[in-house]
Amino acid sequence: MCKNRILPFGKTLKSYLKEHGEKRPNVSLYCPDKSCKKRILYKHGRYFRWATTKYQCILIPIYRWYCPICEKTVSLLPNFLVPWARVVTASREAAFNRRRKGISFEKISKSIVSPSIGGISATTIKRWWNRYLAQIGRTSIWVAGRLIHFGEMEDLLRFHSKGVNPTYLDTLEWFYFLLQKYAHYFQFNPSLMGYLSFLNTHLPAELRL
Ligand SMILES: [Zn+2]
């Protein structure tokens, strides 16, 4: 049994490799399982996985921890990656932003990963997009819930589409409206790396984008 956590360190591939290419992040982790009562985890080796940016495809170390009680392993992902995608989150978000503007998967695929390192297929971009749309409603609700918890007084639902049958794209617009508010609470500036890498460090695993 293996769980993943994404923590806000290693903002970019470059800084992660510099800081943690050879050196484990110096953090103490508790076991996420409630019945282990915040047992501190043991360091438990590392494995390597691919991370792809536009011009680089690099093997990076992912450090692991281990709970001696429940025997689960926790892998600590830098915030630019999600477990299921090899391409860094900022690049996936760039693809989503282009698709929102109606650009074809074929055309987007040419701008996300350079052909000089193998490129990426339109089919893969389409798969990401479908997964993204399928999840955006639940993640939006989570973000709206947090905003209300922070004391947001506006009627957030009112900003969702006026139509009776909102489309995925309506929900997507609403999501970005919520995200801007959410980022504002953390004084997070998305100009460098986009919203999703930031948001993924906060989201429960099943809602990551
Ligand atoms: Zn445990």
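Residues numbered from 1 in each chain as written. Predicted model: local features only at pLDDT ≥ 70, side-chain atom pairs only at ≥ 80, totals over all residues.

## Section: the overall build of the protein
If you tally the helices and strands in the protein, you get 6 helices and 4 strands. What you see in the protein, going N to C, is helices and strands ordered as β-α-β-β-β-α-α-α-α-α. Against the 2.2 N^0.38 benchmark of 17 Å for 209 residues, the protein shows a C-alpha radius of gyration of 18 Å, consistent with a compact globule. By principal-axis analysis of the C-alpha atoms, the protein measures approximately 55 × 45 × 30 Å. (Helix = DSSP H or I, 4+ residues; strand = E, 2+ residues; numbered from the N terminus. Rg over C-alpha atoms; globule rule 2.2 N^0.38 Å.)

## As for the domain arrangement of the protein
The accessible area lost on association of the parts is a frequent measure of interface size. Along its sequence, the protein is organised into domain 1 (2-78) and domain 2 (89-207). Relative to domain 2, the C-alpha centre of domain 1 lies at a distance of 24 Å. Counting residues at the interface gives 11 residues for domain 1, matched by 10 residues for domain 2. Looking at the side of domain 1 that touches domain 2, its residues break down into 5 nonpolar, 4 polar and 2 charged. (Domains from an automatic or database assignment. Contact = placed C-beta atoms within 7 Å. Nonpolar A, V, L, I, M, F, W, Y, C, P; charged D, E, K, R; others polar.)

## Focus on the nonpolar core
In this structure, Ile112, Leu178 and Leu179 are the most contacted members of the largest nonpolar core, which totals 37 residues. For this core, the elements supplying multiple residues, two or more each, are strand 4 (73-78), helix 2 (89-100), helix 3 (105-112), helix 4 (122-149), helix 5 (168-185) and helix 6 (196-200). Viewed by domain, this core spans two of them, domain 1 (2-78) and domain 2 (89-207), each represented by three or more residues. Sequence-distant contacts of Ile112, that is, excluding residues within four places in its chain, are made with Lys54, Val87, Ser91, Ala94, Ala95, Ile120 and Ile125. (Core = buried A, V, L, I, M, F, W, Y, C linked by C-beta atoms within 7 Å. Buried ≥ 20, exposed ≤ 12 C-beta atoms within 10 Å, placed from the backbone.)

## Side note on helix 2
Between its first and last C-alpha, helix 2 extends 16 Å over 12 residues, near the 16 Å set by a 1.5 Å rise per residue. Check the buried side of helix 2 and you find it contacts helix 3, helix 4 and helix 6. Just downstream of helix 2 lies Gly102, where phi reads positive at about 90°. (Expected span 1.5 Å × (residues − 1).)

## Considerations on the packing of helix 4 against helix 5
Describing two packed helices takes the angle between their axes plus the distance from one axis to the other. The N-to-C vectors of helix 4 and helix 5 enclose an angle of 35°; their axes lie 9 Å apart at closest approach. Where helix 4 crosses over helix 5, the two elements pack in a sense that is left-handed. Each of Leu133, Ile136, Gly137, Thr139, Ser140, Val143, Ala144, Arg146 and Leu147 in helix 4 lies in contact with helix 5, whose residues at this interface are Tyr168, Thr171, Leu172, Trp174, Phe175, Leu178, Leu179, Lys181 and Tyr182. Among the residues forming the contact of helix 4 with helix 5, the class breakdown is 12 nonpolar, 4 polar and 2 charged. (Axes fitted to C-alpha atoms, helices over the stretch in contact; angles between N-to-C directions. Left-handed = near helix turned anticlockwise from the far one by under 90°.)

## Concerning the environment of Glu19
Its place among the elements puts Glu19 in helix 1 (residues 13-20). Sequence separation between Glu19 and Phe9 is 10 residues; the distance between their C-alpha atoms is 9.6 Å.

## Points about unusual backbone geometry
With the exception of glycine, the majority of residues adopt a negative phi angle, and the majority of peptide bonds are in the trans configuration. Of note, Lys37 is a non-glycine position whose phi angle comes to about 50°, a positive value. Here Lys37 lies in the loop between helix 1 and strand 2 (42-52). Of the residues examined, Lys37 has 9 C-beta atoms within 10 Å and is grouped as exposed. Backbone geometry places Glu71, a non-glycine residue, at a positive phi of 65°. Counting through the fold element by element, Glu71 comes out in the loop between strand 3 (57-66) and strand 4. Looking at Glu71, the number of C-beta atoms within 10 Å reads 8, which means it is exposed.

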